[in-house]
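# Structural characterization, general
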There are 2 protein chains.
Amino acid sequence: MSILIGLPDDDMLARLAPEVEAKISDDVELAVWRVGDEPLDRRIDLLVIPYVTSYGFLAELDPAHVSVVQSQSLGYDGAADVVPDGVKFCNAVGVHEAPTAELALTLVLASQRGWPEIGNNQAAEKWERPVFPGLIGRHVLLIGVGGIGREVEARLSGFGAILTRVARTARDDERGPAHGPIHGIDELPELLPGADIVILAVPLSDETRGLVDDAFLTLLPAGALVVNVSRGPIVDTDALVEHVRSGHVRSALDVVDPEPLPAGHPLWSLPGSLISPHLGGNVQSMKDRIDPLVLEQIGHLRAGRSPINIVIGK
Amino acid sequence: MSILIGLPDDDMLARLAPEVEAKISDDVELAVWRVGDEPLDRRIDLLVIPYVTSYGFLAELDPAHVSVVQSQSLGYDGAADVVPDGVKFCNAVGVHEAPTAELALTLVLASQRGWPEIGNNQAAEKWERPVFPGLIGRHVLLIGVGGIGREVEARLSGFGAILTRVARTARDDERGPAHGPIHGIDELPELLPGADIVILAVPLSDETRGLVDDAFLTLLPAGALVVNVSRGPIVDTDALVEHVRSGHVRSALDVVDPEPLPAGHPLWSLPGSLISPHLGGNVQSMKDRIDPLVLEQIGHLRAGRSPINIVIGK
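Calculation rules
Residues numbered from 1 in each chain as written. Chains lettered and ligands numbered in written order. Predicted model: local features only at pLDDT ≥ 70, side-chain atom pairs only at ≥ 80, totals over all residues. Heavy atoms only, no water. Helix = DSSP H or I, 4+ residues; strand = E, 2+ residues; numbered from the N terminus. Rg over C-alpha atoms; globule rule 2.2 N^0.38 Å. Contact = heavy atoms within 4.5 Å. Areas by Shrake-Rupley, 256 points an atom, 1.4 Å probe, with all protein chains shown as cover. Core = buried A, V, L, I, M, F, W, Y, C linked by side-chain atoms within 4.5 Å. Buried < 20%, exposed > 50% of the residue type's maximum accessible area, 1.4 Å probe, protein only. Least-squares fit on C-alpha atoms with pLDDT ≥ 70 in both. Phe/Tyr/Trp six-rings, centres within 6.5 Å; stacked < 30°, edge-to-face > 60°. Polar contact = N/O pair within 3.5 Å; in protein donor to acceptor, adjacent residues only side chain to side chain. Axes fitted to C-alpha atoms, helices over the stretch in contact; angles between N-to-C directions. Parallel < 35°, antiparallel > 145°, perpendicular 65-115°, else oblique. Left-handed = near helix turned anticlockwise from the far one by under 90°. Nonpolar A, V, L, I, M, F, W, Y, C, P; charged D, E, K, R; others polar.

## What about the overall build of chain A?
- When helices and strands are counted, chain A shows nine helices and 14 strands.
- Relative to a compact globule of 314 residues, whose C-alpha radius of gyration would be 20 Å, chain A shows 22 Å and is just as compact.
- Dimensions of chain A, computed from the C-alpha atoms along their principal axes, are close to 65 × 50 × 35 Å.
- By sequence separation, contacts in chain A at least 24 residues apart represent 61% of the contacts at least 6 residues apart.
- Total accessible area on chain A is roughly 12,800 Å²; 50% of this is exposed by carbon and sulfur atoms.

## Examining the nonpolar core
- Ranked by internal contacts, the top residues of the largest apolar core, which has 54 residues, are A:I199 and B:I199.
- When residues no more than four places from it in sequence are discounted, the contact partners of B:I199 are B:A104, B:V108, B:V140, B:L141, B:L142, B:I143, B:V152 and B:V227.

## Observations concerning the relation of the copies chain B and chain A
- You can overlay chain B on chain A at an RMSD of 0.0 Å; the transform is a turn of 180° with a shift of 0.0 Å along its axis. Considering both components of the superposition, the chain copies are consistent with a two-fold axis.
- Both copies share a contact surface, since 100% of the interface residues of chain B are interface residues in chain A too.

## What to know about the side chain of A:N91
- Along the chain, A:N91 turns up in the loop between β5 (88–90) and α2 (97–112).
- Take A:N91: its relative accessible area is 5%, and that puts it in the buried class.

## Quick look at the packing of aromatic side chains
All names here are of chain B.
- Across all of its chains, the model carries seven aromatic pairs over all chains by this definition.
- Both rings, one in Y76 and one in F89, keep their centres 6.4 Å apart while their planes meet at 50°; by these two values the pair is tilted. In this pair, Y76 is assigned in the loop between β4 (68–70) and β5 (88–90) and F89 in strand β5, connecting sequence segments 13 residues apart.
- Y76 sits in the partly exposed class, given a relative accessible area of 33%.

## Comments concerning the environment of B:E174
Residues and elements named next belong to chain B.
- Looking at the secondary structure, you find E174 in the loop between β8 (171–172) and β9 (181–184).
- Expressed as a C-alpha distance, the spacing of E174 and E190, which sit 16 residues apart in the sequence, is 24 Å.
- Of note is the side chain of E174, whose polar atom sits 3.5 Å from the side chain of R150.

## Some words on the packing of helix α1 (residues 10–24) of chain A against helix α9 (residues 287–302) of chain A
All names here are of chain A.
- α9 packs onto α1 with a crossing angle of 45° between their chain directions and a minimal axis gap of 11 Å. Relative to α9, α1 is oriented oblique. When you trace α1 past α9, the crossing you get is right-handed. Residues M12, R15, L16, E19, V20 and I24 of α1 form the contact with α9, whose own contacting residues are K287, I290, D291, V294, L295, I298 and R302.
- Looking at the contact of α1 with α9 residue by residue, the classes come out as eight nonpolar, no polar and five charged.

## Description of the packing of α2(A) against helix α2 (residues 97–112) of chain B
- Packing of α2(A) against α2(B) leaves a shortest axis separation of 9 Å and a crossing angle of 125°. The angle between α2(A) and α2(B) falls in the class oblique. Of the two possible hands of crossing, α2(A) and α2(B) adopt the one that is left-handed. Along the contact surface, α2(A) presents A:E102, A:L105, A:T106, A:L109 and A:A110, while α2(B) presents B:E102, B:L105, B:T106, B:L109 and B:A110.
- In terms of residue class, the contact of α2(A) with α2(B) is built from six nonpolar, two polar and two charged.

Right, here's the structure in full:
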């Protein structure tokens with residue numbers, strides 16, 4: 001019996017078809033199908049959805065038409081509310097962690113070395129040479145030690161910064177004591193006053209929503225930098241705006257609340273505010289990671305196993 | 001007999017005076033003195049000059065007034081032509097390599113993740129999400145394996161890029177074969193077509209002047225990025241402008257020829273051209289590295305030894 005795979009576009013179909021034929025089997029059928037399209041004549045075993053960050057459209061899914069959804073994203077906040085009973089939902093583990101961490105380092109370095117000011121001077125064709133903080137010797141507080149946190153840690157290791165890591169609960173590093181302690185989130189009041197740079201790499205949950213609020217920001221030393229590559233609502237935007245406006249902290253945000261950031265919002269233009277528009281893990285090499293994941297899922301289904309990375313509908 | 005140290009400003013005097021008193025000796029005299037000031041009543045044993053990148057003013061130095069010049073920079077191109085006979089000149093080894101490499105990574109990451117475009121969109125308050133190349137899996141050609149090159153290598157190690165190193169002559173890595181080969185500069189014609197990113201970290205010399213010319217750039221693949229944190233004249237600016245204008249390459253330059261880059265120059269505004277105004281190693285923590293170097297030099301002189309890092313007037 002063949003299995004049916006729904007793909008979001010002709011591009012992915014063109015990339016995967018030869019791979020499926022060469023490496024997997026001819027009992028796998030590929031079709032381009034999106035939520036809202038006419039149902040196919042039989043149930044789709046695995047539906048790869050487009051690369052999105054909000055999942056409202058999945059409420060339209062009919063479990064009679066689709067068994068398993070494969071997201072192209074790591075975060076899936078909001079998906080559990082809309083994925084219908086009878087449909088499993090898998091997130092894209094291993095696809096975005098590294099490029100998202102890469103963006104975190106990009107934002108850290110750019111901010112510590114003078115952007116957006118240097119970029120604005122370039123646009124104005126002004127050669128001015130203020131002195132910026134830099135990263136060497138700075139205390140970095142990394143909140144989140146999951147996939148993205150690990151990749152941030154790897155990238156940060158060569159820069160001569162001093163890293164402190166925070167997770168939900170204090171614990172030893174599973175790789176051994178040489179990797180240093182992992183602090184619990186309850187220790188933040190003691191840790192924040194020593195942080196030059198905070199990197200947010202935790203998933204959005206009831207526990208982390210609004211984590212970076214006025215009290216959090218007030219505890220940071222003057223001139224500290226807040227970097228968010230996770231989800232916008234981890235930060236209380238109004239509180240952050242006030243602390244950036246006063247010059248107490250700087251921020252470098254790939255994710256904001258609301259998204260898209262509307263024109264006229266102060267975070268676009270406040271000095272010390274660097275914005276990237278939820279670029280996250282979306283780099284040109286993304287296909288080199290999402291395609292193997294989809295092929296792996298196809299292999300599991302064909303072998304009669306469960307797909308991996310099921311996060312909803314277990 | 002006490003020794004006399006000339007310092008460029010009251011800031012450095014205020015920082016060093018307590019250190020000299022506490023750790024070195026009271027037979028060391030500190031004074032603020034700059035080239036062009038009235039000569040002091042005896043010869044300055046070590047003159048720390050301001051943090052500059054051109055040395056023409058040293059032609060005015062009188063060997064009767066100053067024995068040894070301590071520069072605050074690593075590069076000293078042009079200094080040999082103006083430092084008078086009888087004066088030794090020391091460069092600042094260990095002060096700028098790490099922050100200059102930090103800036104190189106800043107420029108690499110910013111360019112690979114969409115700046116200056118993303119910065120220009122921020123200024124225009126536009127939330128647009130094009131897909132950029134990223135650094136993961138990219139082939140990086142690092143030209144120069146001296147102090148800055150080593151620090152670039154350390155910082156690059158966590159990013160999942162593929163590094164190829166080039167020095168004046170092919171050689172083994174002194175740390176062992178696990179660190180991979182070092183290619184000779186004569187191999188560039190074979191290496192350039194495979195380079196997604198070129199980082200220039202060689203000193204300026206007759207050999208390296210104009211190294212990046214039309215032939216070099218023509219050999220790069222379409223879309224490659226050229227990063228220069230060394231000295232502007234390593235790159236033939238006119239040739240680079242043509243290759244950036246045509247869209248064949250992108251560039252991210254901390255150093256340019258001429259400097260300062262004049263308003264109206266195409267490198268300010270061409271798409272794919274990122275400019276920083278020779279920020280190099282000048283970060284707020286620079287004093288944490290230059291002060292210990294000056295104190296070390298004072299220690300050597302006081303003990304009757306030669307200063308370290310003499311590069312002119314040996």
